[in-house]
Amino acid sequence: MSLVAAPSPSLRALAELTGFSLATVSMALRDDPRIALATRELVRLTANRQGYLPDPALARRMQQFRQRSRAPRLPVKLAHVIAWENTARYYSFAPFREFRDGADARAKEFGYELEDFHLHDPSMSAQRLSDIFRARGIPGVILPPIQYPEVVRARIANGDPWLSFNYTACVTIGHTVGLTGVSRAVHDHLGAVELACRELQARGYRRVGLVLDRVVHERVLGRWLAGWACAHLNRAAPPAPLISAELGRIQTFDRWFKRAQPDAIITCDCDTVETQLKRLGQKTPKDIGLVDLQWTAPAQPRAAIDQRNHEVGATAVDIVLDQINRHERGVLHVPKIMLVPGRWVEGPTVRPVLAPSPTPTGRAPPSSRKPDSDTDRSPKRKVSTLQPGPAA
């Protein structure tokens, strides 16, 4: 019996078998939407029956040849779709500017360039925008947070596809775009609050309150609240979170503050909470700790979570370029969600980390004590040193 495998047929052989041109066969095997679906399926079926296997080394050389043959080579455009009525207002939010800056920088590393498309332009519609992507051969679309997610979700629920991605790869940023089968790059909101709680507990805070604007809470699909709940699973009677559309209302905040009695607050609306605390005579960090969940500027003198928005934008481009390279377009069977972890930022609104308890004189620390027997060599179960907070 021969152990030598039969050679894989060439593209030219497949072209002769199917009766199509060499270019048509090549594009069909790459699932190019410019080739009719029936043709693509016929070419793939023939390739499978003939045992065709792509040559990755040849594909890489051909890609390099195509790139060198373009003189001068213009950057390939990736669409950055802004679904806001006022573009100036969209860019007034620092996180959105950082999303785009991060995405544009990563795109340029690979020879691409972002181009803004304004969905709320009077002359633009979702269908026309989809037609433009196809006509211009734009291979990928990036959808940052949108202004009215509830409107888009209602349209999708009623069978309106809103935007069609049959001919492009697509990725969304954040949680506001509820498109089924579309991959997403997003800050890890849940992990960010867990990180903030750990940092506060390391500084001796035991009654950590969570204060959220209701609109922002809904736009992140409750992830911040979930992180706070996870961090308090084993704590007795933690202060109830305040989630309200009226955080600036004195009665709303005072009623919660009196009932919750927090010794630290984590919030997404630090300016409003700081104003309320000053009115109540609460000074940070002397009387209360304060952590900002939406820190965007090094000049802000606060303890905070840096959401790494620049990296979120770059991750979105990584996702869409991966889809382009794998010839994936339209709705995916298994979309991916890439979480970018936040980073703790030290600031003057919280106490410093508590120093470890001094070791009693004359006794070696447990970590340096020599084992007295073989039983002492067995691993010990680590016991948490966190104590439950007082009952509310």
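Use the structure listed above.
Note that the structure is predicted; figures quoted are calculated from it, not measured.

**Details of the overall build of the protein**
Part 1 of the argument: Scanning the protein from terminus to terminus reveals 14 helices and 12 strands.
Part 2 of the argument: Expressed as a percentage of its 392 residues, the buried residues of the protein come to 41%.
Part 3 of the argument: By sequence separation, contacts in the protein at least 24 residues apart represent 72% of the contacts at least 6 residues apart.
Part 4 of the argument: For the protein, the exposed surface amounts to about 22,300 Å²; the carbon and sulfur share of it is 55%.

**Re the pattern of salt bridges**
Part 1 of the argument: Counting across every chain of the model gives 15 salt bridges.
Part 2 of the argument: Two residues, D254 and R279, come together in a salt bridge whose shortest N-O distance is 2.5 Å. Separated by 25 residues along the polypeptide, D254 in helix α12 (residues 250–260) and R279 in helix α13 (residues 270–279) bring together distant segments of the chain.
Part 3 of the argument: Note on D254: relative accessible area 25%, which makes it partly exposed.

**Examining the sheet that holds strand β7 (residues 242–244)**
Part 1 of the argument: Pairing within the open sheet is mixed, and its 6 strands lie in the order β7-β6-β8-β9-β10-β12. Both outer strands of the open sheet, β7 and β12 (343–345), are each paired with one neighbouring strand and no more. Strand-to-strand twist in this sheet, taken as the mean axis angle between neighbours without regard to direction, amounts to 20°.
Part 2 of the argument: Bridge count between strand β6 (residues 208–213) and strand β8 (residues 264–267): 4 bridges; the pairing is parallel. Across the sheet, V211 pairs through a bridge with T267, a residue of β8.
Part 3 of the argument: Sheet strands touched by helix α9 (residues 189–202): β6, β8, β9 (289–295), β10 (303–306) and β12. Its angle to β8, the strand with the most contacts, is close to 160°.

**Observations regarding the sheet that holds strand β4 (residues 169–173)**
Part 1 of the argument: Strand order in the open sheet formed by 6 strands is β2-β1-β3-β4-β5-β11, and the pairing between neighbours is parallel. Each edge of the open sheet carries a strand with a single partner, namely β2 (112–118) and β11 (337–340). Within this sheet the neighbouring strands show an average axis-to-axis angle of 25°, counted without direction.
Part 2 of the argument: Both β4 and strand β5 (residues 183–187) contribute to a ladder of 3 bridges, which runs parallel. In the strand pairing of β5, I173 is matched with A185.
Part 3 of the argument: Where helix α6 (residues 94–109) meets the sheet, it contacts β1 (76–82), β2, β3 (140–143) and β4, and its direction lies at approximately 145° from that of β2.

**Notes on unusual backbone geometry**
Part 1 of the argument: The amide bond that connects T284 to the next residue, P285, takes the cis arrangement and shows omega of -5°.
Part 2 of the argument: Note on placement: P285 falls in the loop between α13 and β9.
Part 3 of the argument: The phi torsion at L221 lies on the positive side, around 55°, for a residue other than glycine.
Part 4 of the argument: Here L221 falls in the partly exposed class, since its relative accessible area comes to 40%.
Part 5 of the argument: A positive phi is found at A237, a non-glycine position, where the angle reads about 45°.
Part 6 of the argument: Looking at the secondary structure, you find A237 in the loop between α11 (223–231) and β7.
Part 7 of the argument: Relative accessible area serves as the criterion here: at 36%, A237 is assigned to the partly exposed category.

**A few points about the pairing of β9**
Sheet faces and side chains relate simply in a regular strand, where the side chains alternate between the two faces.
Part 1 of the argument: Burial of β9 is extensive: 6 of the 7 residues sit out of reach of the surface.
Part 2 of the argument: Pairing geometry for β8 and β9, over 4 bridges, is parallel. The partner of A264 across the bridge, within β9, is G289.
Part 3 of the argument: Read as a crossover between parallel neighbours, the route from β8 over α13 to β9 is right-handed.
Part 4 of the argument: Note that β9 and β10 share 3 bridges and pair parallel. Residue pairing for β10: V291 is matched across the bridge by A303.

**Notes on the side chain of T24**
Part 1 of the argument: Note that T24 resides in helix α2 (residues 22–29).
Part 2 of the argument: Those residues in contact with T24 that sit more than four places away from it in its chain are I35 and T39.

**Things to note about the environment of S183**
Part 1 of the argument: Among the secondary structure elements, S183 is positioned in strand β5.
Part 2 of the argument: Each C-alpha atom, one on S183 and one on I319, is 7.5 Å from the other, the two residues being 136 residues apart in sequence.
Part 3 of the argument: Here the side chain of S183 touches K336 through a polar contact of 2.9 Å, landing on its backbone nitrogen.

**Focus on the packing of aromatic side chains**
Part 1 of the argument: What the rule picks out here adds up to 11 aromatic pairs.
Part 2 of the argument: Measuring from ring centre to ring centre gives 5.8 Å for W84 and Y90, while their planes differ by 65°; the resulting arrangement is edge-to-face. Y90 carries the same exposure label as W84, and that label is buried.
Part 3 of the argument: The ring centre of Y205 lies 3.9 Å from the NZ or CZ of R351, which sits over that ring.

**Focus: the pairing of β10**
Part 1 of the argument: What you see with β10 is no split at all: A303 and I305 on one side and A304 and D306 on the other are buried throughout.
Part 2 of the argument: As defined by bridge partners, β10 adjoins β12 across 3 bridges and the pair is classed as antiparallel. Note on β12: the bridge partner recorded for D306 is R343.

Calculation criteria
- Residues numbered from 1 in each chain as written.
- Predicted model: local features only at pLDDT ≥ 70, side-chain atom pairs only at ≥ 80, totals over all residues.
- Heavy atoms only, no water.
- Helix = DSSP H or I, 4+ residues; strand = E, 2+ residues; numbered from the N terminus.
- Buried < 20%, exposed > 50% of the residue type's maximum accessible area, 1.4 Å probe, protein only.
- Contact = heavy atoms within 4.5 Å.
- Areas by Shrake-Rupley, 256 points an atom, 1.4 Å probe, with all protein chains shown as cover.
- Salt bridge = Lys/Arg side-chain N within 4 Å of Asp/Glu carboxyl O.
- Pairing = 2+ DSSP bridges.
- Axes fitted to C-alpha atoms, helices over the stretch in contact; angles between N-to-C directions.
- Right-handed = clockwise from strand over helix to strand, strands pointing away.
- Polar contact = N/O pair within 3.5 Å; in protein donor to acceptor, adjacent residues only side chain to side chain.
- Phe/Tyr/Trp six-rings, centres within 6.5 Å; stacked < 30°, edge-to-face > 60°.
- Lys NZ or Arg CZ within 6 Å of the ring centre and 35° of its normal.

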